[in-house]
Amino acid sequence: MQDLDKALADIVAIRSQIARETAFRGLGAATVAGTGGLALACAVGQALWLGDPAARPVLFFGLWITAALVAFALIGVEAVRRSRRLHSGLADAMVWNAIEVFLPAAGTGACLALVIARFAPAEIWMLPGLWQVLVGLGLFASARILPRAVQGVGAWYLLTGLAVLSFSAETRILSPWAMGLPFVVGQIWLAGIVHRGARAFDDDL
């Protein structure tokens, strides 16, 4: 029994190692681009109907958090479906590996929002920039499972996050476009990289 348990543990370890070293193809270009459209819709809606975001920060951030959750759900459902089709027996390991890559940045963003809202509500203007920086760091980390070109998108989010922090520091104003425009450009750029990666993979088959 001990030999059997060791053999099973070795198989699990080998599968996990293979999953870490295999390019993740669970992302779909259309869905990633759709999340950029979702960001644009949210920014336009807030610009037209929200009024002064600083007067209603809960609604402002609530809408963005909802948009982010919808985007994660759409990407997650497609990632599971595509992984089962493209990665076969490694699908579950590949999906969990992708979650492990993005979870630190996503979890840190959620914790920052809670801490700032609870203990430093006057500094809530920092959240849009900080979130973009964290998305950039998550994309840098994902370069080992996604096409290395995603590092360019990571750099985009890092730079836009720092720019938003710099500009907002002078006015302390919340702007829908400070959230919307970086994500529209970044997600469409990311969708293009995913599309090119999928075409290259198909050509190699």
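Cut-offs applied
- Residues numbered from 1 in each chain as written.
- Predicted model: local features only at pLDDT ≥ 70, side-chain atom pairs only at ≥ 80, totals over all residues.
- Heavy atoms only, no water.
- Helix = DSSP H or I, 4+ residues; strand = E, 2+ residues; numbered from the N terminus.
- Contact = heavy atoms within 4.5 Å.
- Areas by Shrake-Rupley, 256 points an atom, 1.4 Å probe, with all protein chains shown as cover.
- Axes fitted to C-alpha atoms, helices over the stretch in contact; angles between N-to-C directions.
- Parallel < 35°, antiparallel > 145°, perpendicular 65-115°, else oblique.
- Left-handed = near helix turned anticlockwise from the far one by under 90°.
- Nonpolar A, V, L, I, M, F, W, Y, C, P; charged D, E, K, R; others polar.
- Phe/Tyr/Trp six-rings, centres within 6.5 Å; stacked < 30°, edge-to-face > 60°.
- Buried < 20%, exposed > 50% of the residue type's maximum accessible area, 1.4 Å probe, protein only.
- Lys NZ or Arg CZ within 6 Å of the ring centre and 35° of its normal.
- Core = buried A, V, L, I, M, F, W, Y, C linked by side-chain atoms within 4.5 Å.
- Patch = residues over 30% accessible without salt bridge, like charges linked within 9 Å, V, L, I, M, F, W, Y side chains within 5 Å.
- Salt bridge = Lys/Arg side-chain N within 4 Å of Asp/Glu carboxyl O.
- Expected span 1.5 Å × (residues − 1).
- Polar contact = N/O pair within 3.5 Å; in protein donor to acceptor, adjacent residues only side chain to side chain.

A. Expanded view of the overall build of the protein. Scanning the protein for helices and strands turns up seven helices and zero strands. Order of helices (α) and strands (β) in the protein, N terminus to C terminus: α-α-α-α-α-α-α. In the protein, once contacts between residues fewer than 6 apart in sequence are set aside, the share between residues at least 24 apart is 77%. By element, 70% of the accessible surface of the protein is carried by carbon and sulfur atoms, the whole surface being about 11,500 Å².

B. Looking closely at the packing of helix H5 (residues 127–141) against helix H6 (residues 150–171). Relative orientation of the contacting elements H5 and H6 amounts to 165°, with a least axis distance of 7 Å. As judged from the angle between their axes, H5 and H6 are roughly antiparallel. The interaxial crossing formed by H5 with H6 has left-handed handedness. The residues of H6 that touch H5, namely those facing Pro128, Gly129, Leu130, Gln132, Val133, Val135, Gly136, Leu139 and Phe140, are Val150, Gln151, Val153, Gly154, Ala155, Tyr157, Leu158, Thr160, Gly161, Leu162, Val164 and Leu165. The class makeup of the residues in the contact of H5 with H6 is 14 nonpolar, seven polar and no charged.

C. Expanded view of the packing of aromatic side chains. Throughout the structure, instances matching the rule amount to three aromatic pairs. Taking the centre distance of 4.9 Å and the plane angle of 85° together, the rings of phenylalanine 60 and phenylalanine 61 count as edge-to-face. For phenylalanine 60, a relative accessible area of 0% gives the class buried. When the ring of tyrosine 157 is compared with that of phenylalanine 183, the centres are 5.1 Å apart and the planes differ by 45°; the resulting orientation is tilted. Placement of the pair is tyrosine 157 in helix H6 and phenylalanine 183 in helix H7 (residues 176–204), with a sequence separation of 26 residues. Note on accessibility: tyrosine 157 and phenylalanine 183 belong to one class, buried. Among the aromatic side chains, those forming a connected cluster through ring pairs are Phe60, Phe61 and Trp131. Directly above the aromatic system of phenylalanine 119 lies the positively charged group of arginine 118, at a separation of 5.0 Å from the ring centroid.

D. Main features of the nonpolar core. Of all hydrophobic cores here, the largest spans 36 residues; its most connected members are Phe24, Phe60, Phe61, Trp64, Leu127 and Leu190. Elements represented by at least two residues in this core include exactly helix H2 (29–49), helix H3 (57–86), helix H4 (91–119), H5, H6 and H7. Counting residues per element, this core draws most heavily on H7, at seven residues. Setting aside residues up to four positions removed in sequence, leucine 190 forms contacts with Val32, Leu139, Val150 and Val153.

E. Inspection of a nonpolar patch on the surface at higher detail. A cluster of nonpolar side chains, contributed by Leu40, Val44, Leu48, Trp49, Trp177 and Leu181, occupies part of the molecular surface with about 630 Å² of accessible area. Elements that contribute at least two residues to the nonpolar patch include exactly H2 and H7. The greatest single-element share of the nonpolar patch, amounting to four residues, is contributed by H2. On the secondary structure map, leucine 48 appears in helix H2. Among the residues examined, leucine 48 registers a relative accessible area of 58% and is labelled exposed.

F. Quick peek at unusual backbone geometry. Unusually for a residue other than glycine, arginine 172 sits at a positive phi of about 60°. Residue arginine 172 is classed as partly exposed on the basis of its relative accessible area of 42%.

G. Main features of H5. End to end, H5 covers 21 Å across 15 residues, agreeing with the expected 21 Å (1.5 Å per residue, within 8%). Every buried residue belonging to H5 is among Leu127, Pro128, Gly129, Trp131, Gln132, Val133, Leu134, Gly136, Gly138 and Leu139, and all of these are buried.

H. A look at the environment of threonine 35. In this structure, threonine 35 sits in helix H2. Overall, the relative accessible area of 7% leaves threonine 35 in the buried class. Sequence separation of threonine 35 and leucine 74 is 39 residues, and the distance between their C-alpha atoms is 8.3 Å. Not counting residues within four places of it along the chain, the set of residues in contact with threonine 35 comprises Ala71, Ile75 and Gln187. Of note is the side chain of threonine 35, whose polar atom sits 2.5 Å from the backbone oxygen of valine 32.

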